[in-house]
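Structure assessment
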Amino acid sequence: MNWLDKLERKIGRFAIPNLTVYLLAGYIIGFVTWYLMPQLLSWLTLEPALILRGQVWRLISWVLIPPATDLISIIFLVLLYYSLGTALERTWGSFRYNVYIFSGIFFTVIAVFILYGVFYLLYGVEVPLSSVGLVSTNYITMSIFLAFAAIYPDMEVLLYFILPIKMKWMALVYAAMALYYFIQGNVVTRVAIAASLLNFIIFFLSSRNLRRFGPKETARKAKFKRQSAPHMHYTNGAKHRCAVCGRTELDDPCLEFRFCSKCNGNYEYCQDHLFTHEHVK
């Protein structure tokens, strides 16, 4: 049991379900604020100097800063990240998803305070970070996309609702874009990108059970594969079939299949029923 499992047993009941909805609602509120009262955004930004003077609400209010200022982009982001975020929460569970999002926010806040301290040491004065660039949750939500692509690399999505493309190729495009913005962007943009990528790397490396790559585990998997292989041949040559809906990889090449460790027997389920089926005892 890794540290996330232990933490979930202690405080998992405090997890916020449907966190993506609240995050995207903040985007919409921020966009409406920018459109109707743009001067109000200056009271929401993440400014360490003002936070240290008592404006502590900025530790949270900066998540309302919209990542885009045009309506089409906001609509596209909301639809895309609602789909990916809710699917990721169903896969991980609400608690792990909460940890992923809030740790991204936490890393960003810490990185911005470190940047503020570096500026103060270099120049001897308080440099308003808003004069350099605004910090938003843009790259934190983009890390949702990165996490989803890492779990379902072969799943296809419709880019701009038209072009079908696999998640792994979109992830490569995202990585190239992030690298470009990191090189060409200002220091605040670089800090935001670095914080989101650090969150992705730490979360996946620290929550992964590395023992499954050991010799004993590798041998056990090979033995299971040999034993189950004769039973995994279905109609028309399919090798995977969901025990609930009966779909195979021939019905939809984008389907992901997994065995359930809690079921008594070799029962395989598609991504839509892996976390919703009744366990066979």
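Anyway, here's the lowdown on the structure attached to this text. The structure presented is a predicted model; accordingly, all values stated were derived computationally and were not measured. Throughout, a residue's number is its position along its own chain's written sequence, starting from 1. A pLDDT threshold of at least 70 governs which residues receive local features in this predicted model, and a stricter bar of 80 or more applies before side-chain atom pairs are shown or counted, although totals over entire chains, interfaces and linings include all residues. Computation of side-chain values: all heavy atoms of the structure, hydrogens and water removed.

1. Overview of the pattern of salt bridges
Think of a salt bridge as a Lys or Arg side-chain nitrogen and an Asp or Glu carboxyl oxygen that are within 4 Å of each other. Enumeration according to the criterion identifies three salt bridges in this entry. Note that K168 and D154 form a salt bridge whose closest N and O atoms lie 3.2 Å from each other. With K168 in helix 8 (residues 167-184) and D154 in the loop between helix 7 (138-151) and strand 1 (156-159), this pair connects stretches of sequence that are 14 residues apart. Judged by its relative accessible area of 31%, D154 falls in the partly exposed class. Here E256 ties to R258 by a salt bridge, and the two come within 3.4 Å at their closest N and O atoms. For R258, a relative accessible area of 39% gives the class partly exposed. Helix and strand assignments follow DSSP, with helices taken as H or I runs no shorter than four residues and strands as E runs no shorter than two, numbered in order from the N terminus. The rule is simple: take the accessible area with a 1.4 Å probe, protein chains only, and divide by the maximum for that residue type; under 20% is buried, over 50% is exposed, in between is partly exposed.

2. Digging into the packing of aromatic side chains
Pairing of aromatic side chains requires ring centres within 6.5 Å, counting the rings of Phe and Tyr and the six-membered ring of Trp. Pairs whose planes differ by under 30 degrees are stacked, by over 60 edge-to-face, and all others tilted. In this structure the tally under the stated criterion is six aromatic pairs. With a centroid separation of 6.4 Å and 25° between ring planes, the pair formed by W43 and W57 is classed as stacked. Taken together, the residues span a long stretch of sequence, with W43 in the loop between helix 2 (19-36) and helix 3 (48-52) and W57 in the loop between helix 3 and helix 4 (58-61) at a distance of 14 residues. Taking the relative accessible area as the measure of exposure, W43 reaches 47% and is therefore partly exposed. Centre to centre, the rings of Y180 and Y181 are 5.7 Å apart; their planes meet at 65°, and the pair counts as edge-to-face. The exposure class of Y181 is partly exposed, given its relative accessible area of 38%.

3. Points about helix 5 (residues 71-92)
Any helix carries an expected span of 1.5 Å times its number of residues minus one. Along its 22 residues, helix 5 runs 31 Å from first to last C-alpha, staying within 8% of the 32 Å computed at 1.5 Å per residue. Within helix 5, burial applies to I74, L77, V78, Y81, L84, G85, T86, A87, L88, E89, T91 and W92. One or two positions beyond helix 5, positive phi appears at G93, with a value near 100°.

4. What about the side chain of Q55?
Here Q55 shows up in the loop between helix 3 and helix 4. Two residues qualify as a contact provided that any one of their heavy atoms is within 4.5 Å of a heavy atom in the partner residue. Beyond its immediate sequence surroundings of up to four residues, Q55 is in contact with W43 and L50.

5. Concerning the side chain of R58
Among the secondary structure elements, R58 is positioned in helix 4. When charges are tallied, Lys and Arg are placed among the positive residues and Asp and Glu among the negative ones, while His and the ends of the chain are skipped. The side chain of R58 sits in the buried core without any salt bridge; E47 is the nearest counter-charge, 6.0 Å away. Not counting chain neighbours up to four residues away, the residues in contact with R58 comprise S42, W43, L44, T45, L46, E47, L50 and I51.

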